[in-house]
Amino acid sequence: MQLSDLIKIYPNVASPDWCAEVVELSTAHQFDHYKTDGYEFYQLSASQTPSFKPYASQFLDAFCDIAEEYFTELDLLPMINHTGFNLTEDVRVKKYKANSDMGFKEHVDVVDMDSASRYLTGILYLNDNDGDTVFRDLSVRPTVGTMVIFPPMWMFPHIAKTPTNANKYIMMSSLRY
């Protein structure tokens, strides 16, 4: 098995209509702006925003179903000792503006003690755009309703490229130990 085998793409996890509803709802809310030398994006906590809570819950249900499929495909489910997935991490909606400096330079999703309990990250693309998620051996084009799942550790650095043809909207979270 190669490390790239642990990065999986699942199409049609959410319907285009459902994704469009989330994007439309996003336009009516204030996002927090995050900017450092390594990244720039807008983010909203879907888990903490009342009008987004039903969508966050549906995302988590889909993420858990796909995670179980992921671990089964990899024949790892027996090694994951859990009674259901512990989802202590907020579901977030991120927006990257097209033709801007927004994006995320190469990074991993476990960077400190707070994030060290993450063991699987899921990104759901809410719209079609050309702001690829680029891993060392794989580039994932954002396609509406598609989810990419991968371990968040140091072996899986990735980049969120700046979209040029449309704003990029994603919904994401991580499973934790």
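Our subject is the structure listed above.
Remember, predicted model here, so these are calculated numbers, not experimental data.

Trainee: Just to check I follow, could you spell out the overall build of the chain for this structure?
Mentor: Along its length, the chain carries two helices and 11 strands. Its helices and strands taken in sequence order, the chain reads β-α-β-β-α-β-β-β-β-β-β-β-β from the N to the C terminus. Computed over C-alpha atoms, the radius of gyration of the chain comes to 15 Å, within 12% of the 16 Å expected from 2.2 N^0.38 for 177 residues, which places it in the range of a compact globule. With the C-alpha coordinates of the chain rotated into their principal frame, the extents come out at 45 × 35 × 30 Å.

Trainee: Would you take a moment to explain the pairing of strand β5 (residues 103–107) for this structure?
Mentor: Consecutive side chains along a regular strand alternate between the two faces of the sheet. Relative to β5, strand β3 (residues 39–45) runs antiparallel, the two being bridged by two bridges. Considered in β5, the bridge of Tyr39 is made with Phe104. Sheet topology places β5 next to strand β10 (residues 158–160); two bridges connect them, and they run antiparallel. Bridge pairing in β10 places Phe104 opposite Ala160.

Trainee: Could you clarify how one ought to interpret the packing of aromatic side chains in this entry?
Mentor: Remark: the centre distance and the inter-plane angle together describe each pair of aromatic rings, the angle taken between the planes. Using the criterion set out here, one finds 10 aromatic pairs in the structure. In this structure an aromatic cluster arises from ring pairing among Tyr34, Tyr39, Phe41, Tyr96 and Phe104. Here Lys94 stacks its cationic end above the ring of Phe41, 4.2 Å away from the centre of that ring.

Trainee: Can you help me understand the environment of Met171 in this one?
Mentor: One can find Met171 in strand β11 (residues 168–176). The class for Met171 is buried, based on a relative accessible area of 0%. A sequence separation of 128 residues divides Met171 from Gln43, and the C-alpha atoms of the two residues are 9.6 Å apart. Those residues in contact with Met171, other than ones at most four positions away along the chain, are Trp18, Val22, Ala46, Tyr55, Phe59, Val91, Arg92, Val93, Gly122, Ile123, Leu124 and Leu126.

Trainee: Where do I start with the layout of surface pockets in this structure?
Mentor: By volume, the largest pocket is sized at about 510 Å³. For the lining of the largest pocket, the secondary-structure elements that each account for two or more residues are β3, β4 (92–96), β5, β6 (118–125), β10 and β11. If you tally residues by element for the lining of the largest pocket, the top one is β11, at five residues. In terms of residue class, the lining of the largest pocket is built from 12 nonpolar, six polar and nine charged.

The rules behind each value
- Residues numbered from 1 in each chain as written.
- Predicted model: local features only at pLDDT ≥ 70, side-chain atom pairs only at ≥ 80, totals over all residues.
- Heavy atoms only, no water.
- Helix = DSSP H or I, 4+ residues; strand = E, 2+ residues; numbered from the N terminus.
- Rg over C-alpha atoms; globule rule 2.2 N^0.38 Å.
- Pairing = 2+ DSSP bridges.
- Phe/Tyr/Trp six-rings, centres within 6.5 Å; stacked < 30°, edge-to-face > 60°.
- Lys NZ or Arg CZ within 6 Å of the ring centre and 35° of its normal.
- Buried < 20%, exposed > 50% of the residue type's maximum accessible area, 1.4 Å probe, protein only.
- Contact = heavy atoms within 4.5 Å.
- 1 Å grid on protein atoms, 1.4 Å probe; cavity = no way out; pocket = protein on both sides within 12 Å on 5 of 7 lines; lining within 4 Å.
- Points joined across faces, edges and corners; volume = space filled by probe spheres on them.
- Nonpolar A, V, L, I, M, F, W, Y, C, P; charged D, E, K, R; others polar.

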